[in-house]
Structures are given as structure tokens and as C-alpha cells.
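Listed below are the residues making up each chain.
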Amino acid sequence: MSLAVRLGELLGGTVRGIADLGPSHGWTLHRAILSDGRDVFVKSAPDHAEVLAAEAAGLRWLAEATPKAVPQVLAVDDHLLVLPWLPETTPTPATAEQLGRDLAQLHANSPGVFGAPWPGRIAELPLDNTEIRDCEAPAAVNGSPTAALGWPRWYAEYRLAPFLPAAAKHLGAEGTRLIEQVIDRVETLAGPPEPSARIHGDLWSGNLRWSRDRARLIDPAAQGGHRETDLAMLALFGAPQLPRILAAYQQVRPLAEGWRDRVALHQLHPLLVHVVLYGATYREQTLTAASAALAAGHSSSRE
């Protein structure tokens with residue numbers, strides 16, 4: 001069945017035209033115009049139904065807290081994910097500040113757990129979303145009892161350790177031991193305890209779609225996590241207007257003391273993911289982050 005026919009059946013109409021936007025990982029991206037005038041974005045992944053399901057679940061979950069900052073899921077099945085087409089403009093100081101406020105609002109809406117109630121994905125890689133109760137949350141989440149575990153150990157066990165075996169061949173023995181030191185010492189590196197935050201989970205600059213009134217959050221690896229993770233990810237590959245984003249965020253929801261020293265710790269998970277996906281190209285950046293996280297923790301422990 002052609003993409004146009006499948007899309008028409010999914011949306012209940014006919015497709016007037018489709019433009020191919022190229023591949024991304026194991027899927028293809030498209031822009032389509034429907035006969036009723038709708039302009040939509042389409043991700044086609046016939047062999048990655050779990051990727052589409054995770055993205056749709058994450059977008060809907062984020063929208064519960066910040067509906068204006070997340071595109072609506074128009075349709076999803078095992079082959080296609082359809083969102084509104086979002087015309088893109090250049091980021092401005094006003095839209096950057098709005099993003100800071102939107103992120104503060106999103107993170108303030110705690111899910112009460114670390115993890116999420118669906119199987120996660122980051123790019124094509126599995127992301128273990130096992131739900132672990134926030135120490136400050138009730139003993140039952142979604143009607144089911146869960147174990148209580150702080151964010152540092154959850155981060156080590158569900159975000160760092162699972163990616164280390166596949167990354168080890170690129171990191172080498174010494175590099176692998178360095179990451180293991182972070183995992184072993186994570187409680188002393190993580191800063192003061194915080195309640196779980198509803199986070200995007202893969203918030204690099206390419207997952208922001210800037211429009212006239214605000215930036216929209218797209219392609220999430222959404223989860224209950226630590227709010228500093230999203231902000232550290234924005235810094236990892238250079239989000240535009242980042243100082244304004246952070247300043248606006250701080251006005252709404254100030255960050256805990258020492259947050260800048262913990263940026264490297266929060267960047268370590270996405271960097272490990274990049275090592276697994278792209279190999280030794282990201283080795284040095286990953287090991288530099290691990291060393292910086294350990295050094296910051298050593299400095300804090302001496303104060």
C-alpha cells in the first residue's frame with residue numbers, strides 16, 4: 001500500500017501531495033497536503049512500530065502539562081505517525097523566554113515516578129522506562145505499588161548502565177572504568193534530592209520547532225526524570241538563545257545550587273547513546289563529561 005493511500009485511510013481523506021524530507025535513523029520523514037487543506041508532518045516507520053508508539057505516548061503525556069508547547073498527535077498506527085505541520089521561524093528573545101517558562105511549567109508537573117508507563121525509545125534504541133516511585137510520592141502509582149528509589153540510582157541503573165556494554169568497545173577499558181566510577185558514585189554527584197519532573201528526555205536543539213509564538217517540543221524520549229537533564233541536553237549541542245531560556249526558567253522555578261556543576265553528569269546519558277549509535281566519534285566528549293562529573297563531585301564533597 002502506498003504512503004498516500006495509507007495516510008488517507010488513517011486520516012479519513014485523500015492526499016493531494018507528499019514531499020519527501022529524507023531519512024532519519026530507520027524511518028523516513030514527509031510533508032503532506034490533504035484534500036481538506038490540512039498540512040501535516042508524517043513519520044513513516046514500517047519496521048519500527050514501537051518507535052512510533054513511544055513517540056506518540058510521550059507527546060500526549062507532555063501535552064497534559066504544557067498543551068501549547070507540544071504538537072497534537074493527529075494519528076498513529078504501526079506504520080505512521082502524523083502531526084500538524086509546524087512552520088518554522090528564527091528563534092527570537094521572546095520565544096526563547098517563552099520556552100524557558102514552558103519548560104518550568106512542564107517540569108513542575110511531577111508524575112510521581114522516574115520512568116514512564118510505556119516502553120521507551122531514544123532513536124531506535126530501547127529505553128528502559130521501568131517506573132520507580134519518587135521518594136516523595138505516594139506508595140502506589142497508577143493504582144499499583146512501586147519501589148521507592150532516588151533519582152541518582154535510577155539514573156545509574158536505567159540510563160547509564162544499560163548503554164555501557166554496547167559503548168565499551170568504543171570507550172576502551174580505561175574509558176569504561178571511568179563511566180563505572182560515575183555509576184558507583186552517582187549518589188554523591190547528583191546534588192540535593194528533587195521530586196521527579198515530567199521531562200522531554202532528548203531535548204537537543206534539533207527537537208525544538210520554533211514558531212512565531214513559541215518553540216514546540218518534538219520527538220521526545222519522555223519520562224519522569226530530573227529537570228536538570230532537559231536543560232543540560234539543551235546545552236549539549238548548542239540551543240539558540242540558551243542564556244535567555246535559562247534566565248526565564250530560573251525566574252519561574254529556580255534551579256538548585258550547584259546545577260552548573262552537574263551539567264556534565266546529566267549529559268552523560270545522551271553522550272553514551274551517541275557512542276552506541278555513532279561509535280568512537282563521541283568517545284572523547286563522553287569521557288570528558290564523565291571526568292567533569294567526577295571532578296565536580298569531588299570538589300563538592302570537600303566543601
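A few points on the structure. (Residues numbered from 1 in each chain as written. Predicted model: local features only at pLDDT ≥ 70, side-chain atom pairs only at ≥ 80, totals over all residues. Heavy atoms only, no water.)

On a plain count of helices and strands, the protein chain comes out with ten helices and 15 strands. Rg of the C-alpha trace for the protein chain: 20 Å, near the compact-globule value of 19 Å for 303 residues, within the 12% margin. Projecting the C-alpha coordinates of the protein chain onto the three principal axes gives extents of approximately 65 × 45 × 40 Å. When burial is assessed residue by residue, the protein chain has 50% of its 303 residues classed as buried. Here the analysis covers contacts within the protein chain between residues at least 6 apart in sequence; of these, 67% occur between residues at least 24 apart. When the accessible area of the protein chain is evaluated, it comes to approximately 13,300 Å², of which 52% is carbon and sulfur surface. The distance from the centre of the 27 positive side-chain charges to the centre of the 33 negative ones in the protein chain is 4 Å. (Helix = DSSP H or I, 4+ residues; strand = E, 2+ residues; numbered from the N terminus. Rg over C-alpha atoms; globule rule 2.2 N^0.38 Å. Buried < 20%, exposed > 50% of the residue type's maximum accessible area, 1.4 Å probe, protein only. Contact = heavy atoms within 4.5 Å. Areas by Shrake-Rupley, 256 points an atom, 1.4 Å probe, with all protein chains shown as cover. Lys, Arg positive; Asp, Glu negative; His and termini not counted. Charge placed at Lys NZ, Arg CZ, Asp CG, Glu CD.)

Here we take up the pairing of strand 3 (residues 39-44). In terms of burial, strand 3 is a largely internal element, five of the six residues being buried. Here six bridges tie strand 2 (residues 27-34) to strand 3, and the two strands are oriented antiparallel to one another. Bridge pairing in strand 3 links Ala32 to Val40. Between strand 2 and strand 3, which pair antiparallel and follow one another directly, the connecting turn spans four residues, one of which, Gly37, has a positive phi of 95°. Bridge count between strand 3 and strand 5 (residues 80-84): five bridges; the pairing is antiparallel. The residue bridging Ser44 from the neighbouring strand is Leu80, located in strand 5. (Pairing = 2+ DSSP bridges.)

Summarising burial for helix 4 (residues 151-160): nine of the ten residues are buried, a large majority. For helix 4, the complete set of buried residues consists of Trp151, Pro152, Arg153, Trp154, Tyr155, Ala156, Tyr158, Arg159 and Leu160.

The interhelical angle for the contact between helix 3 (residues 93-108) and helix 8 (residues 242-252), taken along N-to-C directions, is 45°, at an axis separation of 7 Å. Relative to helix 8, the element helix 3 is oriented oblique. Where helix 3 crosses over helix 8, the handedness of that crossing is right-handed. From helix 3, Pro93, Ala96, Glu97, Leu99, Gly100, Arg101, Leu103, Ala104 and His107 reach across to helix 8, where they touch Arg244, Ile245, Ala248, Tyr249 and Val252. Taken together, the residues that form the contact of helix 3 with helix 8 break down as nine nonpolar, two polar and three charged. (Axes fitted to C-alpha atoms, helices over the stretch in contact; angles between N-to-C directions. Parallel < 35°, antiparallel > 145°, perpendicular 65-115°, else oblique. Left-handed = near helix turned anticlockwise from the far one by under 90°. Nonpolar A, V, L, I, M, F, W, Y, C, P; charged D, E, K, R; others polar.)

One finds Leu103, Ile179 and Leu234 to be the most contacted residues of the largest nonpolar core, which totals 77 residues. Among residues more than four places away in sequence, those in contact with Leu234 are Leu103, Leu203, Leu208, Ala239, Leu242 and Ile245. With nine residues, the next largest nonpolar core counts Leu34, Val40, Val42 and Ala75 among its residues. (Core = buried A, V, L, I, M, F, W, Y, C linked by side-chain atoms within 4.5 Å.)

Next up on the list: the environment of Tyr249. Within the secondary structure, Tyr249 sits in helix 8. Look past the residues within four positions of Tyr249 in its chain and what remains in contact with it is Gly100, Leu103, Ala104, His107, Arg227, Leu231, Pro254 and Leu255. A distance of 2.9 Å separates a polar atom in the side chain of Tyr249 from a polar atom in the side chain of His107. (Polar contact = N/O pair within 3.5 Å; in protein donor to acceptor, adjacent residues only side chain to side chain.)

Let's shift gears to the packing of aromatic side chains. Each aromatic ring pair is specified by the distance between its two centres and by the angle formed by the two planes. Evaluated as defined, the whole model comprises seven aromatic pairs. Centre to centre, the rings of Trp151 and Tyr155 are 4.6 Å apart; their planes meet at 20°, and the pair counts as stacked. Of the two residues, Trp151 and Tyr155 are both situated in helix 4; the distance of four residues between them amounts to about one turn of the helix. Tyr155 matches Trp151 in its accessibility class, with the two residues each being buried. Through a chain of ring-to-ring contacts, the aromatic side chains of Trp204, Phe237, Tyr278 and Tyr282 assemble into a single cluster. The positively charged end of Arg198 is found above the aromatic ring belonging to Trp61, 4.5 Å away from the centroid. Over the ring of Trp85 we find Arg209, and its NZ or CZ is 5.0 Å from the ring centre. (Phe/Tyr/Trp six-rings, centres within 6.5 Å; stacked < 30°, edge-to-face > 60°. Lys NZ or Arg CZ within 6 Å of the ring centre and 35° of its normal.)

Here strand 1 (residues 15-24) runs beside strand 2; their pairing, made up of eight bridges, is antiparallel. What sits directly across from Ile18, in strand 2, is Ala32. Taking the residues between adjacent antiparallel strands as the criterion, strand 1 and strand 2 are bridged by two residues, where His25 takes a positive phi near 55°.

Let us look at the pattern of salt bridges. On inspection of all chains with the given rule, the structure shows 15 salt bridges. For the salt bridge of Arg244 with Glu97, the shortest nitrogen-to-oxygen distance reads 2.9 Å. Here Arg244, found in helix 8, pairs with Glu97, found in helix 3; they are 147 residues apart in sequence, far enough to count as distant. Of the charged contacts in the structure, one is a salt bridge between Arg283 and Glu284, with a shortest N-O distance of 2.6 Å. Look at Arg283 and you get partly exposed, because its relative accessible area is 23%. Each of the salt bridges in this network shares a partner with another, and the network as a whole consists of Asp102, Asp213, Arg214 and Arg216. (Salt bridge = Lys/Arg side-chain N within 4 Å of Asp/Glu carboxyl O.)

What follows concerns the sheet that holds strand 4 (residues 75-76). Ordered in space as 1-2-3-5-4, the five strands form an open sheet in which the pairing is antiparallel. Looking along the sheet, the strands with just one partner apiece sit at the ends: strand 1 and strand 4. Its contacts with the sheet place helix 1 (residues 3-11) against strand 1, strand 2, strand 3, strand 4 and strand 5, and it is angled at close to 65° to strand 5. Sheet strands in contact with helix 2 (residues 49-63) are strand 2, strand 3, strand 4 and strand 5, and its direction is about 30° off that of strand 5.

Such coordinate-based values are descriptive only and should not be taken to indicate function.
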